[in-house]
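Observations on the model geometry
The primary structure of each chain is shown beneath.
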Amino acid sequence: MIGDLAAPNYTGDLGDGLVCRWSTAADADKIGGFLGLVWRPNADAPPHPRAVTETRMYMSGDFSFMGPGDFALVEDKGLPGHPIVAAACFWRHRWSFAGIEFGVGRPENVATDPAYRNRGLVRALFAMHHARSAAEGHLMQAITGIPYFYRQFGYEYVLDLGGHRTTYLPLIPNKNEGEAERYTLRLATVDDLPLIQQLYDQGRSNSLVWHEASAAYWRHRIGFWHDPALNDQDPQTVPLNTRYLIIVHQEYGSCGFMSLAAKRWGSDLEIYNLEVTPQVDLVTALPPLLRLLRDVGEATPYVGTEGEPLGQLMWLFGRHHPVYALLGEELAPRYEPPYAWYIRVPDLLAFLQLITPVLNERLARSVFATYTGEITCDLYPNGLLFKIERGRLVGIDPWRPPPYDPAASMGCPSLVFLQLLLGYRNIQELSAIYPDVSVAEKYKLLVATLFPKQQSQVHPL
């Protein structure tokens, strides 16, 4: 074994000829070929058409979340050509908690050759990911993924992910005879970046945890669609699936943006964002926008094996959104509740210390503005001691229940505590679900004040 797990030159011997390491730029096509085989629907299907182009994009040096050295790989050195048999790429994000930013490491494109599964290869790759994330000062890791699997590596379901309503095309109101359409849609350009950034940031006030989107991210995503080479490329191999459209009013010009799918796999067109400036009256704007989206969806390429006509618009706006209220059940009768992000916080104390200003604001706005006291939190087997003096947290320290007086102010398994910490559920909800979550009566209001339930809409971007 050479070097630290996070180091670019790290090599780990996993036995049986298997070696883990970090990628180099020369690995791009080899990784893409491997992913193409793993992502295909069955062993007899051809390689996934997007795997190579997507991997090249990730490793190009221009991608905003990772570089060419950020794939963790496992190779079988015992076979000719040393084939890749497992891989996971390492993305870097910036999120914020009530405005306080922190780094997030995100494993993505996690894959293992079926012949090598159940041998701990993903565990080895995640050890590399977690080491690199820690080396870069990240306080959190996050992943979107299949049910249960990532719990094995210290992740807990914590924040809403997805959730949608569906509008079926026959429900879209037709334009009145003689009525002029006052809105149009056009593909966003880099000149629209200030407007898009401003409108995207409007949503942060309604989200406790927020995904900060950098200017580099917007430039890459928007500039991508203006590459002339895309005109001759098979839509199935185009590595991005999200494009951005600008909403234009005939009188006051650019006044909003949408992000939506650039291709269809089924009968629906997926819409991920819709944000408008204050001058737009969404009540009157929504019917013409529905008609415009219907036209866009019908022109969006279908990339499945058998073409399906457009049948519905799918609004992936999470659990709540003003558009849902305007559509109502009449225009969007089907609702699918959110799945969830997997979240890992390896150093809970460090994260709590980072967000202490937010906790102090909550105390200052409450009946505890002059309170002095302590909260002991049993996290089984470790715990935390919160010290409050005149309405301010003056210390958060490690704590363990003493042997002859084990009673704590509250008890909560450490992974479940993440749901409380990030506002996903409140203490009453957790107590009702988990028998090992409890809080003494005299501390219930104080705990609820420090850790209230709050909505978060964390865009995967």
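For the structure itself, look to the data block above.
Below you will find a few notes about this structure. (Residues numbered from 1 in each chain as written. Predicted model: local features only at pLDDT ≥ 70, side-chain atom pairs only at ≥ 80, totals over all residues. Heavy atoms only, no water.)

**Examining the overall build of the protein chain**
Inclusion rule: Secondary structure is summarised from DSSP: a helix means a run of H or I of at least four residues, a strand means a run of E of at least two, and numbering begins at the N terminus for each. Atoms counted for the radius of gyration: C-alpha only. Globule rule: 2.2 Å times residue count to the power 0.38. Using a 1.4 Å probe on the protein chains alone, a residue whose accessible area is under 20% of its type maximum counts as buried, one over 50% counts as exposed, and one in between counts as partly exposed. Contacts are assigned to residue pairs with any non-hydrogen atoms lying within 4.5 Å of each other.
Each helix and strand counted, the protein chain has 12 helices and 21 strands in total. The C-alpha radius of gyration computed for the protein chain amounts to 25 Å, which stays within 12% of the reference 23 Å derived for 461 residues, consistent with globular compactness. If you line up the protein chain on its principal axes, its C-alpha atoms span 80 × 65 × 35 Å. Relative to its full complement of 461 residues, the protein chain shows a buried share of 53%. Sequence-distant contacts, at least 24 apart, represent 69% of the contacts inside the protein chain between residues at least 6 apart.

**Quick look at the side chain of His138**
As a reminder of what qualifies: Between N or O atoms, a polar contact is any pair within 3.5 Å; within protein, one atom must be a potential hydrogen donor and the other a potential acceptor, and residues adjacent in sequence are included only when both atoms are from side chains.
Note on placement: His138 falls in the loop between α3 (121–135) and β6 (140–143). From its side chain, His138 meets the backbone nitrogen of Gly105 in a polar contact 3.3 Å long. Here the side chain of His138 touches Ser133 through a polar contact of 2.7 Å, side chain to side chain. When residues no more than four places from it in sequence are discounted, the contact partners of His138 are Phe90, Arg92, Gly103, Val104, Gly105 and Ser133.

**Re unusual backbone geometry**
With an omega of 5 degrees, the peptide bond between Tyr380 and Pro381 qualifies as cis. Of note, Pro381 is situated in the loop between β17 (373–378) and β18 (383–389). The phi torsion at Asp16 lies on the positive side, around 55 degrees, for a residue other than glycine. Tracing the backbone through its elements, the reader meets Asp16 in the loop between β1 (11–15) and β2 (18–22). Judged by its relative accessible area of 69%, Asp16 is exposed.

**Notes on the side chain of Glu275**
Defined as follows: For the purpose of charge, His is not counted, nor are the chain termini; Lys and Arg are scored as positive and Asp and Glu as negative. Between Lys or Arg on one side and Asp or Glu on the other, a salt bridge is scored when a side-chain nitrogen of the former is within 4 Å of a carboxyl oxygen of the latter.
By the secondary structure assignment, Glu275 is in strand β13 (residues 268–276). Although Glu275 lies buried, it forms no salt bridge, and the closest oppositely charged side chain, Arg204, sits 11 Å away as judged by the N-O distance.

**Considering the sheet that holds strand β12 (residues 253–261)**
Condition: Two strands qualify as a pair provided DSSP detects at least 2 bridges between them. Note on geometry: axes are lines fitted to C-alpha atoms, helical ones only across the stretch in contact, with angles between N-to-C directions running from 0 to 180 degrees.
Spatially, β9-β11-β12-β13-β14-β8-β15 is the arrangement adopted by the seven strands of the open sheet, whose pairing is mixed. Every other strand in the sheet has two partners, leaving β9 (183–187) and β15 (334–336) as the edge strands with one partner each. Pairwise comparison of adjacent strand axes, ignoring direction, gives a mean angle of 30 degrees for this sheet. Judged from the three bridges that link them, strand β8 (residues 164–168) and β15 form a sheet pairing that is antiparallel. Residue pairing across strands places His164 opposite Glu336, the latter belonging to β15. Each of β8, β9, β11 (242–249), β12, β13 and β14 (312–315) is contacted by helix α6 (residues 282–299), which is oriented at about 50 degrees to β9, the strand it contacts most.

**What about the layout of surface pockets?**
What counts here: As defined here, a cavity is a set of points on a 1 Å grid over the protein atoms alone where a 1.4 Å probe fits but cannot get out. A pocket is an open set with protein on both sides within 12 Å along at least five of seven lines, and residues line them when an atom is within 4 Å of a point. Grid points are joined across faces, edges and corners, and a volume is the space filled by probe spheres set on the points. Polar here means any residue other than Ala, Val, Leu, Ile, Met, Phe, Trp, Tyr, Cys and Pro, which are nonpolar, and Asp, Glu, Lys and Arg, which are charged; Gly is therefore polar.
Its boundaries defined by the atoms lining it, the second largest pocket holds a volume of some 420 Å³. Around the second largest pocket, the lining is made up of 20 residues, and of these Gly203, Asn206, Glu275, His321 and Pro322 lie nearest the centre. Where the lining of the second largest pocket is concerned, the elements lending two or more residues are α4 (193–201) and β13. Here the element with the most residues in the lining of the second largest pocket is β13; it accounts for five residues. Of the residues belonging to the lining of the second largest pocket, the class tally is nine nonpolar, 10 polar and one charged.

**Here we look at the pattern of salt bridges**
Per the stated rule, a full pass over the model turns up 24 salt bridges. One salt bridge connects Glu101 with Arg94, and the closest N-O pair in it is separated by 3.5 Å. With a closest N to O distance of 2.9 Å, Glu429 and Lys453 form a salt bridge. A residue pair is termed long-range when its members are at least 10 positions apart, and Glu429 in helix α11 (residues 427–433) and Lys453 in the segment after α12 (444–450) qualify at 24 residues. Residue class for Glu429 comes out partly exposed when judged on its relative accessible area of 28%.

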